Every structure is written in structure tokens, then in C-alpha cells.
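Coordinate inspection notes
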Amino acid sequence: MPVVESEFLLALRVDDRKHKAALATFDKYPTLEVCTAAFLETAWLLRSKGKTPTEVSLALSLLKSELESRDVAEIPVTASQIGRAHDILTRHSMTFFDALILANAEESQDRRLISSDSSFDSTGTVERIPLK
Amino acid sequence: MTAVTRVRPRYVVTLPRSIRKRRNVRVGDNVVWLPVSDREFLAVILPSDRYQVLADLMSGIELSHEARLAAEKSYFSSAARKARH
């Protein structure tokens, strides 16, 4: 089952330009997974823009609830994925959060990641499906 | 404004009328329970349209490479500040 990342979480906003694509993704892929690191990155995207901890908690709670209602499983980050993320960072240019998400997708069943961010292509270890 | 409600079978709790009227709560609205302490939760009532609520809560957030870098920098600098104190 494909893995979704932070871009997908933000696309659940009704006014996001990829909102329709996100809803279509729910229909196209009945089973999806989301890495915990996507929630972590989203939280810090919000905090870095001045959102309060309460606003962040509310947003994450609603995102989690919506994903659960769509049977999207949250896949926790493992110790081996953290190690792999550091390995990725030494060889490729991406953020630590993205390296964690990539390491998580590498261990998913079919190694597919739904994202428009081409930096995930750098390792060549997962098939990237653009969100569109 | 305080009110006490009893937990009924299947753990159903009715929102007190005073809160329903004050917040104009509708069937289908979301109640988010945020932990405050071991015994306390903050119940936040939000409209039923989750996608609109998410748009309101996450307004102004762009997902560019620069934004991702800034978020990461914010995360690690915050952790470093906490560690120093």
C-alpha cells in the first residue's frame, strides 16, 4: 500500500490546490499508510509559522481522526529507519523529516510514496507517485 | 459556566444545554479532547466540515523546500535551546 507524506496531510485543507487530488487518492488507493514523521513535520511547519501548541494539537487530532476514518494506518518510525535516515542524509540533499519518511517508505510493502517532491527520487529506492 | 453530565451506557455523554446554546452546537460537529493533565481534558467543539476546519487551523502554510527547511531548523533549534536550559 502506498505511503502518504506531509504534502498529503496539508492537501486535506479544503482550500489547498491539491485537495481534490488528495480526495481522489482516497478513492484510488483503498489502503494507504502514513509515517509518523509526516505528522512531526506538519507540526513543525505549523509551529514555524506561529501556530500555537493548541492549534497544532487540534490540527493533528483532526488529521489523525480523518485518516483513521479512511482506514489509513499510521506506521511508527523504527530505530532502523532512523539509522537509515541518517545514512540517506550523508548521501543526498533533503531534510531529516523527509529522510525519515523515505526510510519509512522503503520498508513499506510495495515501496510506493505519494508525493510531488522530487527530492524523494534521489535514492531511487521507492517509486514516487505525484499527488495530482 | 459549569455543568455536570453523567456517563451513560456505551460511554455516551450529553453536552449540557447551556453549552449547546452558547456554541450553537449541531449534530455531526467534532469534539476534540486534548489532554491537559492526568485528570483534565480540554474539549474543543469544532464544526462538522473537517476539511474547512483544517484549512482554518493550517492557514498560511506552504509546503515548499524552503518551508520544510525552516520547519526543520525550527525543530532542532528549539530542541537545542531546551537542552541548554
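Values in this document were obtained by computation on a predicted structure and should not be read as measured data. Counting restarts for each chain, with residues numbered from 1 along the sequence as it is written. Both sets of labels track the order of writing: A upward for chains, 1 upward for ligands. For a predicted model such as this one, the threshold for reporting local features is a pLDDT of at least 70, and the threshold for listing and counting side-chain atom pairs is 80 or more; totals across whole chains, interfaces and linings nevertheless cover every residue.

Moving on, we come to the overall build of chain A. The secondary structure content of chain A amounts to six helices and five strands. To get the radius of gyration, use the C-alpha atoms; to get the globule rule, take the number of residues to the power 0.38 and multiply by 2.2 Å. Taking 2.2 N^0.38 as the reference for a compact globule, 132 residues should give roughly 14 Å; the C-alpha atoms of chain A span a radius of gyration of 14 Å, in line with that estimate. When the backbone C-alpha atoms are referred to their principal axes, chain A occupies close to 35 × 35 × 25 Å. Three exposure classes are used, based on other C-beta atoms lying within 10 Å of a residue's own C-beta, which is placed from the backbone: buried for 20 or more, exposed for 12 or fewer, and partly exposed in between. Relative to its 132 residues, chain A shows a buried fraction of 43%. Contacts here follow a simple rule: the backbone-placed C-beta atoms of the two residues must lie within 7 Å. Sequence separation of at least 24 residues holds for 60% of the intrachain contacts in chain A that already meet a minimum separation of 6. Secondary structure elements are defined from DSSP: runs of H or I of at least 4 residues count as helices, runs of E of at least 2 residues count as strands, and each element is numbered from the N terminus.

On the side of chain A, 28 residues touch chain B, which itself brings 23 residues to the contact. Mapped by element, the contributors of at least two residues to the side of chain B that touches chain A are strand E1 (30-35), helix H2 (50-57) and helix H3 (65-84) of chain B. Of the residues forming the side of chain B that touches chain A, the biggest block, eight residues, is contributed by H3 of chain B. Polar here means any residue other than Ala, Val, Leu, Ile, Met, Phe, Trp, Tyr, Cys and Pro, which are nonpolar, and Asp, Glu, Lys and Arg, which are charged; Gly is therefore polar. Tallied by class, residues from the side of chain B that touches chain A come to 16 nonpolar, four polar and three charged.

Looking now at the packing of helix H4 (residues 53-69) of chain A against H2 of chain B. Relative orientation of the contacting elements H4 of chain A and H2 of chain B amounts to 150°, with a least axis distance of 10 Å. Judged by the inter-axis angle, H4 of chain A sits roughly antiparallel to H2 of chain B. Classified by chirality, the crossing of H2 of chain B by H4 of chain A is left-handed. Residues Glu55, Leu58, Ala59, Leu62, Leu63 and Glu66 of chain A of H4 of chain A lie in contact with H2 of chain B, whose contacting residues are Arg50, Val53, Leu54 and Leu57 of chain B. Of the residues that constitute the contact of H4 of chain A with H2 of chain B, the class distribution is seven nonpolar, no polar and three charged. Lines fitted to C-alpha atoms define the axes here, with helix axes fitted over just the stretch in contact, and angles between the N-to-C directions of these axes take values from 0 to 180 degrees. Orientation is classified from the angle alone, with under 35 degrees giving roughly parallel, over 145 giving roughly antiparallel, 65 to 115 giving roughly perpendicular, and any other angle giving oblique. A clockwise turn of the near helix away from the far one marks a right-handed crossing, whereas an anticlockwise turn of less than a right angle marks a left-handed crossing.

A few words on the pairing of strand E2 (residues 41-46) of chain B. Residues and elements named next belong to chain B. The buried fraction of E2 is low, at zero of six residues. Note: two strands are recorded as paired if DSSP finds a minimum of 2 bridges between them. With six bridges joining them, E1 and E2 adopt antiparallel strand pairing. Each bridged residue has a counterpart across the sheet, and for Val32 the counterpart in E2 is Val44. The hairpin turn running from E1 into E2, its antiparallel successor, is five residues long.

Let us now look at the environment of Val7 of chain B. Position of Val7 of chain B among the secondary structure elements: in the segment before helix H1 (17-23). Considered as a pair, Val7 of chain B and Ser74 of chain B are 67 residues apart in the sequence and their alpha carbons are 42 Å apart.

With that settled, the discussion passes to H4 of chain A. Side chains of residues three or four places apart in an α-helix project in the same direction, reflecting 3.6 residues per turn. Taking 1.5 Å as the rise per residue, H4 of chain A with 17 residues should run 24 Å; its terminal C-alpha atoms sit 24 Å apart, in good agreement. Listed in full, the buried residues belonging to H4 of chain A are Leu58, Ala59, Leu62, Leu63 and Leu67 of chain A. Down the axis of H4 of chain A, the buried set is contained in an arc of 160°. They therefore lie on one face. Looking at H4 of chain A, the residues exposed on the side facing more than 90 degrees away from the buried face are Pro53 and Glu68 of chain A. Structurally, H4 of chain A contributes buried residues whose contacts are with helix H1 (6-10), strand E2 (33-35) and helix H3 (36-48) of chain A together with E1, E2 and H2 of chain B. Where H4 of chain A ends, the next residue or the one after it, Asp71 of chain A, has phi of about 60°, a positive value. Take the number of residues in a helix, subtract one, and multiply by 1.5 Å to get its expected span. Taking the helix axis as origin, the arc is that swept by the directions to the C-beta atoms.

Attention now goes to the confidence of the model for chain B. Residues and elements named next belong to chain B. Residue-level confidence of the predictor, termed pLDDT, takes values from 0 up to 100. Across chain B, the average pLDDT comes to 89, with 100% of residues at 70 or higher. The spread of mean pLDDT over the elements of chain B runs between H3, the lowest at 80, and H2, the highest at 96. Predicted as a complex, the structure gets a pTM of 0.89 and an ipTM equal to 0.88.

The nonpolar core criterion groups buried Ala, Val, Leu, Ile, Met, Phe, Trp, Tyr and Cys residues into a set whenever they are joined through C-beta atoms within 7 Å. One finds Val34, Ala59, Leu100, Ile101 and Leu102 of chain A together with Leu54 of chain B to be the most contacted residues of the largest nonpolar core, which totals 45 residues. Not counting the four nearest positions on each side in its chain, Leu102 of chain A is found in contact with Ile88, Phe120, Thr123 and Val126 of chain A.

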